[in-house]
Amino acid sequence: MSNLPFSFHRLAPAAVVLLLAACAGTDARRSPDMALPPTFLYATTPADPTAPSATIDARWWRVYADADLDRLLERVGEANADIAGAEARWRQALAQVDAARALSFPQVGAGASITRSGGSAGAVGGGAGTRQIYAAGLDVSWAPDLWGRAARTREAAAAGAEAQGALVDAARLALQLAAAQGYVRLRALDALRALQIQADVAYARSLQVTQLQYEAGLVARADVIQAETQLQSLRTQVFAIDRQRALEANALALLAGSTPTEYPIHPREGALPAVPPVPAALPGELLRRRPDLAAAERQLAAAHARLGVAQSAWLPDLTLSASRTLQASSLARLLDAPARVWSLGPQLAATLFDGGARRANEVAFTAAYDEQAAAWRGGVLAAVRETEDALVQVSTLAEQERQQQRLVELANENERVVGFRYEAGEISFLEVATAQNLALAARRAALDVRAERLAASMALVAALGGGWQAPTPAP
């Protein structure tokens, strides 16, 4: 220590005090814990906490056994523009990880110069004239990560990249859910149009019967007009159905990354897909099943790492540097017999006063961490709420569909009986129109309930993560 400069002797105690104070102020925060209920409130068959949960296929839509739906959702996952943008943001985050990793490696630089200088005859140390100096050198510098600043920077970048990767999966799941539910609405409109066609046949037959009875003098002209009005009203509604179907098809083409001409979805006859069984799951499994919650947790980890970087700003920077330079009066001598100059040594630098900038920066990153922690908790609660909403919809709609189907059976029977009575001349056409409209309304309602139930089951699968699993961490 006797060979050290006087200034270092004076500053060493202060530097030690600063280091101890900074280390004592380091905040080692952890990800927050959150207690979740053991089961879902609206689960019809609560999952056994001791039993392994049923897994959901990554291509969760296959349980609906619809080839058109399979093709649509595969296309959404491959060609949707929003997913492509999310993947681009993920690649940017991966590049930031590589940039953060580079902070741990030495920096090597090289340079070359030509310097021409001169002076008057009275210049100190030389005479009149000019001289030219050629120089080439190599510099190496390295900043050891004594305080973990570079490690925390890498940690923040890696957590941010993992969050972006999970957000890609979250975006894909959300868009595929939107496409699946839009597809259900479109097929429901196809089924509704088929109902309208069936009703058109029945209404046209009733009009024909009414005209024959009017010609026979059995009914008044008012009955014929009422039958014609009912049929015309039904036929007018078809245009609204066709218009709504076109809008749904256009929306699905956009989700599939195409134009309606490039990706048309043609009308199809047949019933809507069957509703699959509800998968059993526990609330705690949402934390590992949902990509959006995984992204929120990784964003929280990144905020924690950035806070550590801000706290390490109180510590000094140590840089080890070495350089070697070759000098000569001519380019030939630079290659043959140059003068060699080298340097080697450490440099310790610390900020003693910055007007409170570091403290303000630390407070800002602490608040950013608290913000991410609150967002994570809110995301978990929202995920539980979405799952509970889907569960209660699936269970109540299942019972509603059973009751609605019974109503359809009664309305159909009432329509049949009223038709026979009208043909026998026992009642007016008003009762026929009422029975027909009631039966058609019951069929429409049954179709709507089935579509809602399908959409709710899809929402439930998505709320449970849609078959997503957290990637295995790299060793």
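Residues numbered from 1 in each chain as written. Predicted model: local features only at pLDDT ≥ 70, side-chain atom pairs only at ≥ 80, totals over all residues. Heavy atoms only, no water.

A. Structural context of the overall build of the protein chain. Scanning the protein chain for helices and strands turns up 10 helices and four strands. In the protein chain, the order of α-helices and β-strands from amino to carboxyl end is α-α-α-β-β-α-α-α-α-β-α-β-α-α. Across the 475 residues that make up the protein chain, the buried fraction comes to 34%. Residue pairs in contact within the protein chain that sit at least 24 positions apart in sequence constitute 82% of those at least 6 positions apart. (Helix = DSSP H or I, 4+ residues; strand = E, 2+ residues; numbered from the N terminus. Buried < 20%, exposed > 50% of the residue type's maximum accessible area, 1.4 Å probe, protein only. Contact = heavy atoms within 4.5 Å.)

B. Layout of unusual backbone geometry. Positive phi outside glycine occurs at Ala-65, with the angle close to 50°. Note on placement: Ala-65 falls in the loop between α1 (6-24) and α2 (67-79). A residue is classified by how much of its surface remains accessible, and Ala-65, at 71% relative accessible area, is exposed.

C. Quick look at the packing of aromatic side chains. Per the counting criterion, the structure on display carries two aromatic pairs. With centroids separated by 5.6 Å and ring planes inclined at 80°, the aromatic side chains of Trp-60 and Trp-61 adopt a geometry described as edge-to-face. Both residues of the pair, Trp-60 and Trp-61, belong to the buried class. (Phe/Tyr/Trp six-rings, centres within 6.5 Å; stacked < 30°, edge-to-face > 60°.)

D. Looking closely at a nonpolar patch on the surface. On the surface, Val-108, Leu-138 and Val-140 cluster together into a nonpolar patch covering about 250 Å² of accessible area. Mapped onto the secondary structure, Leu-138 falls in strand β2 (residues 129-142). (Patch = residues over 30% accessible without salt bridge, like charges linked within 9 Å, V, L, I, M, F, W, Y side chains within 5 Å. Areas by Shrake-Rupley, 256 points an atom, 1.4 Å probe, with all protein chains shown as cover. Salt bridge = Lys/Arg side-chain N within 4 Å of Asp/Glu carboxyl O.)

E. Quick peek at the pattern of salt bridges. The full count for this structure, using the stated rule, is 29 salt bridges. Here Asp-68 ties to Arg-187 by a salt bridge, and the two come within 3.0 Å at their closest N and O atoms. On the criterion of sequence distance, the pair formed by Asp-68 in helix α2 and Arg-187 in helix α4 (residues 149-215) is long-range, its members being 119 residues apart. On the basis of relative accessibility, which here comes to 22%, the residue Asp-68 falls in the partly exposed class.

F. Region of the structure containing helix α5 (residues 221-255). Here α5 contains 35 residues, and its C-alpha end-to-end distance of 53 Å stays within 8% of the 51 Å for a straight helix at 1.5 Å per residue. Backbone geometry just after α5 places Gly-257 at a positive phi near 70°. (Expected span 1.5 Å × (residues − 1).)

G. Fine view of the side chain of Asp-223. Its place among the elements puts Asp-223 in helix α5. With no salt bridge to any partner, buried Asp-223 finds its closest opposite charge in Arg-221, at an N-O distance of 10 Å. (Lys, Arg positive; Asp, Glu negative; His and termini not counted.)

H. View of the packing of α4 against α5. The geometry of α4 relative to α5 is characterised by a closest axis approach of 9 Å and an angle of 165° between their N-to-C directions. As far as their axial angle goes, α5 and α4 are roughly antiparallel. In the crossing of α4 with α5, the sense of the turn from one axis to the other is left-handed. (Axes fitted to C-alpha atoms, helices over the stretch in contact; angles between N-to-C directions. Parallel < 35°, antiparallel > 145°, perpendicular 65-115°, else oblique. Left-handed = near helix turned anticlockwise from the far one by under 90°.)

I. Up close: the nonpolar core. Core analysis: the largest hydrophobic core is formed by 55 residues, its most contacted members being Trp-60, Leu-69, Leu-72, Leu-73, Leu-252 and Met-458. Where this core is concerned, the elements lending two or more residues are α2, α4, α5, α7 (291-311), α9 (357-423) and α10 (429-463). Ranked by residue count, the leading element in this core is α4, at 13 residues. Those residues in contact with Leu-73 that lie beyond four places of it in its chain are Trp-60, Trp-61, Gln-176, Ala-179 and Ala-180. Listed in part, the 17 residues of the second largest apolar core include Val-209, Ala-227, Leu-231 and Val-432. (Core = buried A, V, L, I, M, F, W, Y, C linked by side-chain atoms within 4.5 Å.)

J. Quick look at the side chain of Gln-181. As for its position among the elements, Gln-181 is in helix α4. Within the local environment of Gln-181, its side chain forms a polar contact with the backbone oxygen of Ala-455, the two atoms lying 3.0 Å apart. Once residues lying within four places of it in the same chain are set aside, the contact partners of Gln-181 are Ala-455, Met-458 and Ala-459. (Polar contact = N/O pair within 3.5 Å; in protein donor to acceptor, adjacent residues only side chain to side chain.)

K. Up close: α9. In a regular helix each residue adds 1.5 Å, so 67 residues correspond to 99 Å; α9 covers 92 Å between its end C-alpha atoms and thus fits that length. Gly-425 sits one or two positions beyond α9 and adopts a positive phi of about 80°.

L. Seen up close, the environment of Pro-283. With respect to the secondary-structure elements, Pro-283 resides in the loop between α5 and α6 (286-289). On a C-alpha basis, the gap between Pro-283 and Pro-37 in space is 6.6 Å, while along the polypeptide they are 246 residues apart. Aside from chain neighbours lying at most four places away, what touches Pro-283 is Leu-36, Pro-37, Pro-38, Thr-39 and Phe-40.

M. The packing of helix α3 (residues 81-101) against α4, seen in detail. It is at 8 Å that the axes of α3 and α4 come closest, and there the two elements cross at 170°. Judged by the angle between their axes, α3 and α4 are roughly antiparallel. Contacts between α3 and α4 pair Asp-82, Ile-83, Ala-86, Glu-87, Arg-89, Trp-90, Ala-93, Leu-94, Gln-96, Val-97, Ala-100 and Arg-101 from the former with Thr-153, Arg-154, Ala-157, Ala-158, Gly-160, Ala-161, Gln-164, Gly-165, Val-168, Arg-172 and Leu-175 from the latter. Per-class residue counts for the contact of α3 with α4 are 12 nonpolar, five polar and six charged. (Nonpolar A, V, L, I, M, F, W, Y, C, P; charged D, E, K, R; others polar.)

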